[in-house]
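Given next are the chains, with one letter for each unit.
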Amino acid sequence: MTELRCRISATVEAETAERLRGEPDSHTAPGGEGPEGEHTEDEGSAAPDGTEGKELQDEDGVKEQEAQEKEEEAEGVDSHESPVKTPRGISNCKSVFLQRLVKLFFGCLAAVACGMLYAIYLSTYHDRKFWFSSRQELEREITFQGGSGLYYYYYKRMLTAPSFERGFYELTIDNRTVSGQTINAVERLSLYPELITSFIYRVTGSQDLMEPIYFYIGAVFGLQAVYVTALFVSSWVMSGTWVAGMLAVAWYVINRPDTTKVEHAIPLRDNWALPYFSCQVAALTGFLSNKINSATEMFCYLTMSATTFTFLLVWEHSHYVLFIQGLCLFLLDSFDLVPSRKMADIHKVYLSSLFLAYLFQFQNPALLSSPLLSLLISSVLARYFQQNMKMGPLVARLMKLFLHFYLVFTTGITFSYLVKKLIPVSESDFILKFFEVKFGLNTTTDFVTNFLLCQESFQTPVQDFFLRLTQASVLPFYFLVLFVCLLSTLQTIYRRLSGEPMKTNLRLEDGRIGEQPEVIYHVFHTLLFGGLAMVFEGMKYLWTPYVCMFTAFGVCSPDLWMTVFRWLKLKSIHPVVLALILSTAVPTIIGFSLWREYFPRVLAELSELQEFYDPDTVELMSWIKTQAPMAAVFAGSPQLLGTVKLCSGWAVTSLPLYSDINLLRRSEDTYQVYAMRSAEDVYKILTSHKTNYVIIEESICNELSHNKGCRIKDLLDISNGHVVYDRGEIYSFSKHGRFCQEIKMNYSPYTNYFTRVFWNRSYHVYKVNSVISFQY
């Protein structure tokens, strides 16, 4: 309430000062603009002279106001009677400065506190869920699910290397990971997070303070604290109150299953990269704002440059995310909603970051053929050929705008085509084929394509996702905030295309939230990422956090409420005061209801001891470490092979990396143990990858699922042509039985090629015989 009183008093004082400055000239310029820019419009509309007289009157008023402002500026420098020079004016300036300083202090304190509390919460919850502190090292490593433990293996390997330089060199010529291949693991797996973390662990002497695994997960949880702090800052910058930041963090934590994957797969690249993207968005939000000084603008620019480069460095999919962001900024520039100088600076950030990432990733050709680079090149060329695009009447500007879109689109496609011809990228044709099948433009029997389409991340979101957001009250308020901001943005675009200049010194009583460049950017941001999230469920981790931030900004922003009141032409109650009251009362009510409903649940999660123990996997990994020779090569599902690599270090036939088409093809080969293939066929496939041991999982061999067409064995049958269609149903048929089931019968010819060496309830391990024994 103290903040509300300060904001109301500041608004009243500003209005009083405006009236005092406007009174001396009221008798000389009766037709000029009033202090709020609304008096002229009302008089012009009531004048009997019509539109022509109104335009002349507006022009005269503008000229007289400009002359008046020049006189007041001169008097403010020379005259001792200026209000700024009086003791009262000086005291008011000091009080306003003190209020801003106190507000900044408590806001920063709240942001840091939210981040630290979230990191402590994640650490406590993780320990309670997995009994992490009471486990042995092997059991702790198994908790890294979904094959994500592969990345932690390289962190351990860097720590066991004689020196950091030696470990880095060995990773660039790694022949101990994928059988029969020498790969640059740093480039192929984006291992810079592990390199940097291991380096810090070495140089800080943390060996005597904590175990390596605690330092590793602590670094990830620390980045999550930075993540929520950046969301806090973004909402704070746009709304002007740090209450919005606290509400954004609260919604983020409540909707944790839809905002982050850090709970069950800590080492994933997403968990390392998205905090940097969040910081980049926060810096971009401040950079686009018209309310900052040059020093703050430079700080935002440097922060944006550093975080953009880091984001590109630690995640192989980051340039696609930045491409979507680049489209948002492209729209801002095309509609002339942001100064050209700032857009030129942002282009410099993108180009320099791409260039540095290209060098640090060992001349990665994917960055040269990235859609982000194509967009940057095409927009610069189109702007060069259309230097007068932002001039002329409405119809002419619309035609120039459509031509601009056409030039950028065609130039970008041409540039990307030429780059891919000069530098062949193996994934380019596959990605196009994937999207054709995803959107129903084509069908395929290809195993890899259908396998990816069946992954949860590439499917459309389920209804429960929207129900969770609605129950947490995010979705209803999100649609309200988006509707107001989008409608105001469309009005701003129309005014800009009509030739009206952009107002840079907006006041609360103006009620034009859509004229703030940072707000317009986030409107485009949430629309584009939201559209992708409606198609790919995995995109919700990029959309939902900013839904929480954007919604919190909206309900806490007086500008949004003032915009609504201006549309409603509210006159019974002072709209400014009512906007300030609602911007404080509404988030207070929401925060109280969230605290009442969800705070007990959060405490229950921290106090509840959950049981996560996988004895079969622990037994399998213990056997591999003690019984398998060091030169052994294992085949199996990619997720399991990631765990095998983490716990033993032995070579494997494939890796759980879905962005590498070559590794996906190798995974298809090893999955043939679940197909209806002969023992000789499977033996030839496995020996071609130099396999010594193959692991068969009961959960895949006897998989029961409602989505029948997405089981591994169903995808293999379709790919191998072992299906029969009858009355809309799919039936598997082959002259050979299913390999994973037949081999358990322990009869010839399976015993001629394979020998069972280990088994339990979940896994069967067979040795691939180097010498075939024909026993009947």
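About the thresholds
- Residues numbered from 1 in each chain as written.
- Predicted model: local features only at pLDDT ≥ 70, side-chain atom pairs only at ≥ 80, totals over all residues.
- Heavy atoms only, no water.
- Helix = DSSP H or I, 4+ residues; strand = E, 2+ residues; numbered from the N terminus.
- Buried < 20%, exposed > 50% of the residue type's maximum accessible area, 1.4 Å probe, protein only.
- Contact = heavy atoms within 4.5 Å.
- Areas by Shrake-Rupley, 256 points an atom, 1.4 Å probe, with all protein chains shown as cover.
- Polar contact = N/O pair within 3.5 Å; in protein donor to acceptor, adjacent residues only side chain to side chain.
- Expected span 1.5 Å × (residues − 1).
- Disulfide = S-S within 2.5 Å.
- pLDDT = per-residue confidence, 0-100.
- Phe/Tyr/Trp six-rings, centres within 6.5 Å; stacked < 30°, edge-to-face > 60°.
- Axes fitted to C-alpha atoms, helices over the stretch in contact; angles between N-to-C directions.
- Parallel < 35°, antiparallel > 145°, perpendicular 65-115°, else oblique.
- Left-handed = near helix turned anticlockwise from the far one by under 90°.
- Core = buried A, V, L, I, M, F, W, Y, C linked by side-chain atoms within 4.5 Å.
- Pairing = 2+ DSSP bridges.
- Patch = residues over 30% accessible without salt bridge, like charges linked within 9 Å, V, L, I, M, F, W, Y side chains within 5 Å.
- Salt bridge = Lys/Arg side-chain N within 4 Å of Asp/Glu carboxyl O.

(A) Up close: the overall build of the protein. Scanning the protein from N- to C-terminus turns up 35 helices and seven strands. Considering the protein as a whole, with its 776 residues, one finds that 49% of them fall into the buried category. Restricting the contact set of the protein to residue pairs at least 6 apart, pairs at least 24 apart contribute 71%. With the model as given, the accessible surface of the protein reaches about 37100 Å², and the carbon-plus-sulfur share is 62%.

(B) A look at the side chain of threonine 691. Among the secondary structure elements, threonine 691 is positioned in the loop between helix H31 (679-688) and strand S3 (693-697). Among the polar contacts made by the side chain of threonine 691, one reaches the main-chain carbonyl oxygen of leucine 686 at a distance of 2.9 Å.

(C) Layout of helix H18 (residues 371-385). Between its terminal C-alpha atoms H18 stretches 21 Å, which fits the 21 Å expected from 15 residues at 1.5 Å a residue. When we look at burial in H18, the residues that qualify are Leu372, Leu373, Ser374, Leu375, Leu376, Ser378, Ser379 and Ala382. As for H18, its buried residues are in contact with helix H15 (318-334), helix H16 (340-360), helix H17 (365-368) and helix H19 (394-422).

(D) Representation of the state of the cysteines within the structure. Using the criterion set out here, one finds two disulfides in the structure. For cysteine 454, the disulfide goes to cysteine 710, at an S-S distance of 2.0 Å. With the S-S dihedral at roughly -75°, the linkage between cysteine 454 and cysteine 710 falls on the left-handed side. Of the two residues, cysteine 454 is situated in the loop between helix H21 (447-453) and helix H22 (463-471) and cysteine 710 in the loop between helix H32 (698-701) and helix H33 (712-720); the sequence distance between them amounts to 256 residues. Residue classification places cysteine 710 among the partly exposed positions, given a relative accessible area of 22%. Across the disulfide, cysteine 701 is cross-linked to cysteine 740 (sulfur-sulfur distance 2.1 Å). Its S-S torsion of approximately 80° makes the covalent link between cysteine 701 and cysteine 740 right-handed. Taken together, the residues cysteine 701 in helix H32 and cysteine 740 in helix H34 (residues 739-742) connect sequence positions 39 residues apart. On the basis of relative accessibility, which here comes to 1%, the residue cysteine 701 falls in the buried class. Sequence-ordered numbering of the bonded cysteines in the protein yields a pairing of 1-3, 2-4.

(E) Geometry of the confidence of the model for the protein. Here the protein averages 84 in pLDDT, and 86% of its residues register 70 or above. Across residues 1-6 the pLDDT falls below 50, and counting only partners more than four positions away or on other chains, this stretch makes nine contacts in the model.

(F) The arrangement of the side chain of aspartate 616 in detail. Tracing the backbone shows aspartate 616 in helix H28 (residues 615-627). The class for aspartate 616 is buried, based on a relative accessible area of 9%. In this structure, aspartate 616 is in contact with Asn760, Arg761, Ser762 and Tyr763, ignoring residues within four places of it in sequence.

(G) Layout of the packing of aromatic side chains. In this structure the tally under the stated criterion is 54 aromatic pairs. For the ring pair tyrosine 478 and phenylalanine 479, a centre distance of 5.6 Å and an interplane angle of 55° mean the geometry is tilted. Ring centres of phenylalanine 550 and phenylalanine 553 lie 5.7 Å apart, and the angle between their planes is 50°; this geometry places the pair in the tilted category. In this pair, phenylalanine 550 and phenylalanine 553 are both assigned in helix H25 (residues 540-556), three residues apart and thus about one turn of the helix distant.

(H) Seen up close, the packing of helix H23 (residues 474-497) against helix H24 (residues 517-533). Close contact between H23 and H24 brings their axes to 10 Å; oriented N to C, the two are set at 120°. It follows that H23 is oblique to H24 by the angle criterion. Note that H23 runs across H24; the crossing there is left-handed. When H23 is examined against H24, the residues Tyr478, Leu482, Cys485, Leu486, Thr489 and Ile493 are found in contact with a partner set consisting of Val519, Ile520, Val523, Phe524, Thr526 and Leu527.

(I) Looking closely at the nonpolar core. Ranked by internal contacts, the top residues of the largest apolar core, which has 195 residues, are Ile624, Phe634, Tyr674 and Phe754. With 13 residues, helix H10 (residues 212-239) is the single largest residue contributor to this core. Excluding residues within four positions of it along the chain, phenylalanine 754 makes contact with Ala679, Val682, Tyr683, Leu686, Phe739, Ile743, Tyr766, Lys767, Val768 and Asn769.

(J) Representation of the sheet that holds strand S2 (residues 651-652) in the model. Pairing is mixed across the open sheet formed by five strands, whose spatial order is S2-S1-S3-S7-S6. In this open sheet, the two edge strands, each paired with only one partner strand, are S2 and strand S6 (754-759). Against the sheet, H31 touches strand S1 (633-635), S3, S6 and strand S7 (763-768), its axis set at about 75° to S6.

(K) Up close: the pairing of S7. In terms of burial, S7 is largely enclosed, as five of its six residues are buried. Strand direction decides the pairing type here: S6 and S7, joined by five bridges, are antiparallel. If you follow threonine 755 over to S7, its bridge partner there is lysine 767. Hairpin geometry of S6 and S7 is characterised by an intervening segment of three residues between the two adjacent antiparallel strands.

(L) A look at the pairing of S3. The element S3 is largely enclosed, with a buried count of five among its five residues. Burial along S3 is two-sided: the residues Tyr693, Ile695 and Glu697 and Val694 and Ile696 are all buried. Inspection of the sheet shows S1 paired to S3 by two bridges, in the parallel sense. Within S3, the residue paired with phenylalanine 634 across the bridge is tyrosine 693. Both S3 and S7 contribute to a ladder of five bridges, which runs antiparallel. Paired with tyrosine 693 across the two strands is lysine 767, which belongs to S7.

(M) Focus on a nonpolar patch on the surface. A cluster of nonpolar side chains, Phe97, Leu98, Leu101, Val102, Leu104, Phe105, Phe106 and Leu109, forms an exposed patch at the surface whose accessible area comes to about 800 Å². On the secondary structure map, leucine 98 appears in helix H4 (residues 87-130).

(N) Broad picture of the environment of phenylalanine 466. Structurally, the position occupied by phenylalanine 466 is in helix H22. Classification of phenylalanine 466 as partly exposed rests on a relative accessible area of 25%. Distance from phenylalanine 466 to aspartate 258, taken between C-alpha atoms, is 9.9 Å for residues 208 residues apart in sequence. Phenylalanine 466 has contacts with Pro461, Leu475 and Met534, leaving out every residue within four places of it along the chain.

(O) View of the pattern of salt bridges. Enumeration over the complete set of coordinates arrives at 29 salt bridges. Among the ionic pairs, glutamate 211 bridges to arginine 140, the shortest N-O distance being 2.8 Å. A residue pair is termed long-range when its members are at least 10 positions apart, and glutamate 211 in the loop between helix H9 (192-203) and H10 and arginine 140 in helix H5 (residues 137-142) qualify at 71 residues. According to the relative accessible area criterion, arginine 140 is buried, its value standing at 6%. Of the charged contacts in the structure, one is a salt bridge between arginine 665 and glutamate 668, with a shortest N-O distance of 3.4 Å. Remark: glutamate 668 and arginine 665 occur in helix H30 (residues 661-670); sequence separation between them is three residues, near one turn of the helix. One continuous salt-bridge network, built from bridges that share partners, spans Asp258, Arg468, Glu537 and Lys540.

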